[in-house]
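Residues per chain are reported as follows:
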Amino acid sequence: MSVLLLASAAHAPGVTSLAVALTLHSDGPTLLVDANREPDQAVLAGHLAGADPAGRGLGALLQAHRERRAISSVLPSLTLPLAPDKEFLPGFAHPGMVALFTPVWSELAVALESQAATVIVDAGRVGAAGLPVALVDGCSGLLMVTGSTLPDLAALRLYLPWVVQAAGEDRVGLVVVGPGRPYGAGEIQRQFGVPVWAELPWQPDDAAVYAFGSPPGRRHQQSRYLAQVRALDHRLKTRESDRRALLGARR
């Protein structure tokens, strides 16, 4: 199935909120991976309300790698349930694990590509070192999430060229959170020359359902935020179907 990377240039535009929302509202089995190399335990502390990972996550994968156990074989036992058909692989439990994980990215990328489920990777900020090359090489799409303020776009200008060069123009799209505050999505697309795949309205209460596990409001199912999440999921599924048809792969 497909592997989708979500990342941002800087600030906190809502990468994790979108990753959780896409996971929960994606059709079919879905695996959410916390691959943020600036560990913050955002999903565990936020949407899962402080859940104990019970030794599961990237740290356990690192240990398996050291013991020369295949990542693909241990991965299913190291996830937490989010919802029916939705699993979560927790991220780094300590900042010191990040550097130690360097030799594991390639094997993890292969394991994720072999999953029967759609895989959504929260890669956090791109950062000066870029993203793990193995994850970029193996992904079918890379979503750069950005706000529409001048500081957001200034940061995007710094990192987007590297992302496009690493992943290729055809695999990179923008998700604009809060378009029109003050720059519109069309203006941002023209300025950067990268297509906008989704426009998430500035609706903090609806985003908090996924960021913090807040109870959904009475009209959440009809919200513009959720409508855009579902539209993005449909767009990504269509892109993947078209890609597989072009490659002649079995669907």
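Quick caveat, the model's predicted, so the values are computed rather than measured. (Residues numbered from 1 in each chain as written. Predicted model: local features only at pLDDT ≥ 70, side-chain atom pairs only at ≥ 80, totals over all residues. Heavy atoms only, no water.)

Visitor: Sorry, what's going on with the overall build of the protein chain here?
Guide: Along the protein chain, the regular secondary structure elements total eleven helices and eight strands. What you see for the protein chain is a C-alpha radius of gyration of 17 Å, in line with the 18 Å of a compact globule of 251 residues. Along the longest, intermediate and shortest principal axes, the C-alpha atoms of the protein chain span 50 × 40 × 40 Å. With 251 residues in all, the protein chain has 51% of them scored as buried. Of the contacts made within the protein chain by residues no fewer than 6 positions apart, 74% connect residues no fewer than 24 positions apart. On the protein chain, roughly 11,700 Å² of surface is accessible, and the fraction owed to carbon and sulfur atoms is 54%. Charge-centre separation for the protein chain: the mean point of 22 positive side chains lies 3 Å from the mean point of 22 negative side chains. (Helix = DSSP H or I, 4+ residues; strand = E, 2+ residues; numbered from the N terminus. Rg over C-alpha atoms; globule rule 2.2 N^0.38 Å. Buried < 20%, exposed > 50% of the residue type's maximum accessible area, 1.4 Å probe, protein only. Contact = heavy atoms within 4.5 Å. Areas by Shrake-Rupley, 256 points an atom, 1.4 Å probe, with all protein chains shown as cover. Lys, Arg positive; Asp, Glu negative; His and termini not counted. Charge placed at Lys NZ, Arg CZ, Asp CG, Glu CD.)

Visitor: I tried to follow the environment of threonine 102 on my own but got confused; where do I start?
Guide: Structurally, the position occupied by threonine 102 is in the loop between helix 5 (97–100) and helix 6 (105–113). It is 30 Å that separates the C-alpha atoms of threonine 102 and arginine 239, two residues lying 137 residues apart in sequence.

Visitor: Please clarify how the packing of aromatic side chains should be interpreted in this entry.
Guide: One pair of aromatic rings is described through two measures. These are the centre distance and the angle between the planes. By the definition in use, this model includes four aromatic pairs. Between phenylalanine 92 and tryptophan 105 the ring centres are 6.1 Å apart and the planes differ by 80°, which places this aromatic pair in the edge-to-face class. Taken together, the residues phenylalanine 92 in the loop between strand 4 (86–89) and helix 5 and tryptophan 105 in helix 6 connect sequence positions 13 residues apart. On the accessibility criterion, phenylalanine 92 (2% relative accessible area) is buried. (Phe/Tyr/Trp six-rings, centres within 6.5 Å; stacked < 30°, edge-to-face > 60°.)

Visitor: Before we go on, may I ask you to explain the sheet that holds strand 1 (residues 3–8) in this structure?
Guide: Whether parallel or antiparallel, the strands of a sheet pair through hydrogen bonds between backbone atoms. The strand order across the open sheet built from eight strands is 3-4-2-5-1-6-7-8, with neighbouring strands paired in mixed fashion. If you trace the sheet from one side to the other, it starts and ends with strand 3 (80–83) and strand 8 (196–200), each paired once. Across the sheet, the axes of successive neighbouring strands diverge by a mean angle of 25°, strand direction being ignored. In this fold helix 8 (residues 150–167) packs onto strand 6 (141–147) and strand 7 (172–177), with an angle of close to 175° to the strand it touches most, strand 6. (Pairing = 2+ DSSP bridges. Axes fitted to C-alpha atoms, helices over the stretch in contact; angles between N-to-C directions.)

Visitor: Explanation requested: the pattern of salt bridges in the structure shown.
Guide: Opposite charge on two side chains permits them to pair, given that their charged atoms come into close proximity. Scanning all chains against the criterion turns up two salt bridges. Among the ionic pairs, arginine 69 bridges to glutamate 67, the shortest N-O distance being 2.8 Å. Judged by relative accessible area, glutamate 67 falls into the partly exposed class, the value being 42%. Salt-bridge contacts for lysine 237 lead to aspartate 233; the nearest nitrogen and oxygen are separated by 2.8 Å. Placement of the pair is lysine 237 and aspartate 233 together in helix 11 (residues 224–247), with a separation of four residues, close to one helical turn. Under the relative-accessibility criterion, lysine 237 is labelled partly exposed at 28%. Relative accessible area serves as the criterion here: at 8%, aspartate 233 is assigned to the buried category. (Salt bridge = Lys/Arg side-chain N within 4 Å of Asp/Glu carboxyl O.)

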